[in-house]
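# Observations on the model geometry
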Amino acid sequence: MKLKFIICFSVCCLFFFNLNCTSVQKYNSHVDSKIAVSDLQKDIDYVEYKLNKLHPSLDLYISKENLSKKFDSLRASIVSPLTPNEFFFALSPVIASVRQGHMGIFPLNKKMEKKEIKALSKRGAHPLSLMVFRYQDDNLYLLKNYTKDTLIKKGSKIISIEGVEPKKLYTKYSKTYTSDGLNKTFFPYAFSSRLPTYLLLEKPIKDSVQVVFSYKDSIYKRTITRAGLKNKDSIEKETAKPIVVNLTKEEKKAKTIERKKIALRNKLFLYD
């Protein structure tokens, strides 16, 4: 009986493993596949119908006539099959024209199987996630550096990442999302936080990236790898003995409520 259970369990595990692999392959195949024009037109009709039916104050920042014209222009421009992400670049500016910052669509990144994710996690986080950027005045700057490379200067301007210029990337992707109303300050902030995602759409996942920096009057190139998540200084700060403060039950409850309020605010308005 025990042997029978083990066999059944093994068969079930093998089934779910194959199911996961198949679903990942099917999804990735969809990302690369062209969608028929008729299906794309149906998607456009669906989006326009849902916006008119469900969106409150749809004409607050754009008239319904102008929005309708944008959808008509989009329909006319779809004359050949597109991949999902090609369609994303066509449809997203129309969605963004409503000027509602909490509404949008996003491109598709390819998925990985569990064994691939596990292997990547052992090698460390993606190189770009070890840095914090800020896009300002048509330039991308390094705000924080969590790599082990101490030669990378904070405040450096990024000339290119894997041969991709930040300004060209900003021009391409800033059309795909919007802020609330006529606000403009959100665009560079959102671009900075989404930069790793955008670059992964342009370039495949790698264990290292080539970055060209500019600092003061000099230009320098660095190869940033997955190795090492934090620099020495940050590790020393984190390993310092913490100061223990004993709070009452009421104080703990108040602190939890305040922390949730701050988290909600940051999530809604995207700032810290």
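Residues numbered from 1 in each chain as written. Predicted model: local features only at pLDDT ≥ 70, side-chain atom pairs only at ≥ 80, totals over all residues. Heavy atoms only, no water.

### So, the overall build of the protein chain
Check the secondary structure of the protein chain and you find 9 helices and 5 strands. Taken from the N to the C terminus, the helices and strands of the protein chain come in the order α-α-α-α-α-β-β-β-α-α-β-β-α-α. In the protein chain, which comprises 272 residues, the proportion classed as buried is 31%. Within the protein chain, residue pairs in contact and separated by at least 24 positions form 64% of the contacts whose partners lie at least 6 positions apart. About 18,700 Å² of surface is accessible on the protein chain, with carbon and sulfur atoms providing 59% of the total. (Helix = DSSP H or I, 4+ residues; strand = E, 2+ residues; numbered from the N terminus. Buried < 20%, exposed > 50% of the residue type's maximum accessible area, 1.4 Å probe, protein only. Contact = heavy atoms within 4.5 Å. Areas by Shrake-Rupley, 256 points an atom, 1.4 Å probe, with all protein chains shown as cover.)

### Section: the pairing of strand E5 (residues 218–225)
Successive side chains on a regular strand alternate, one facing one side of the sheet and the next facing the other. Direction of pairing for strand E4 (residues 208–215) relative to E5: antiparallel, over a ladder of 8 bridges. Bridging from a neighbouring strand, Tyr215 pairs with Ser218 of E5. The turn joining E4 and E5, which pair antiparallel and follow one another in sequence, is formed by 2 residues; a positive phi near 60° is taken by Lys216. (Pairing = 2+ DSSP bridges.)

### A few points about the packing of aromatic side chains
Across all of its chains, the model carries 10 aromatic pairs by this definition. With centroids separated by 5.1 Å and ring planes inclined at 20°, the aromatic side chains of Phe213 and Tyr220 adopt a geometry described as stacked. Relative accessible area serves as the criterion here: at 0%, Phe213 is assigned to the buried category. One aromatic cluster is present, formed by Phe88, Phe89, Tyr135, Tyr170, Tyr173, Phe191 and Tyr198 through successive ring pairs. (Phe/Tyr/Trp six-rings, centres within 6.5 Å; stacked < 30°, edge-to-face > 60°.)

### Describing helix H4 (residues 84–96)
Between its first and last C-alpha atoms H4 spans 18 Å; for 13 residues at 1.5 Å apiece the expected length is 18 Å, and the two agree. In the structure, H4 departs most strongly from a straight axis at Ala90, where the bend amounts to approximately 30° and where the proline Pro93 lies between one and four residues downstream. Of the positions making up H4, those classed as buried are Pro84, Asn85, Phe87, Phe88, Leu91, Ser92, Val94, Ile95 and Ala96. (Expected span 1.5 Å × (residues − 1). Bend = angle between axes of the 7 residues up to and from the residue.)

### A short note on the side chain of Asn85
Relative to the assigned elements, Asn85 resides in helix H4. A distance of 2.7 Å separates a polar atom in the side chain of Asn85 from the backbone nitrogen of Leu108. In contact with Asn85, other than residues within four places in its own chain, are Val31, Pro107, Leu108 and Leu201. (Polar contact = N/O pair within 3.5 Å; in protein donor to acceptor, adjacent residues only side chain to side chain.)

### Focus: the side chain of Ser160
Relative to the helices and strands, Ser160 is located in strand E3 (residues 157–161). Setting aside anything within four residues of it in sequence, one finds Ser160 in contact with Pro166, Gln210, Val211 and Val212.

### Structural notes on the packing of helix H6 (residues 166–173) against helix H7 (residues 186–202)
In the contact formed by H6 and H7, the axes pass within 10 Å of each other and the chain directions differ by 100°. One way to sum up the angle between H6 and H7 is to call them roughly perpendicular. In this structure, H6 contributes Pro166, Leu169, Tyr170, Lys172 and Tyr173 to the contact, and H7 contributes Phe187, Pro188, Phe191, Leu195, Tyr198, Leu199, Leu201 and Glu202. Partitioning the contact of H6 with H7 into residue classes produces 11 nonpolar, no polar and 2 charged. (Axes fitted to C-alpha atoms, helices over the stretch in contact; angles between N-to-C directions. Parallel < 35°, antiparallel > 145°, perpendicular 65-115°, else oblique. Nonpolar A, V, L, I, M, F, W, Y, C, P; charged D, E, K, R; others polar.)

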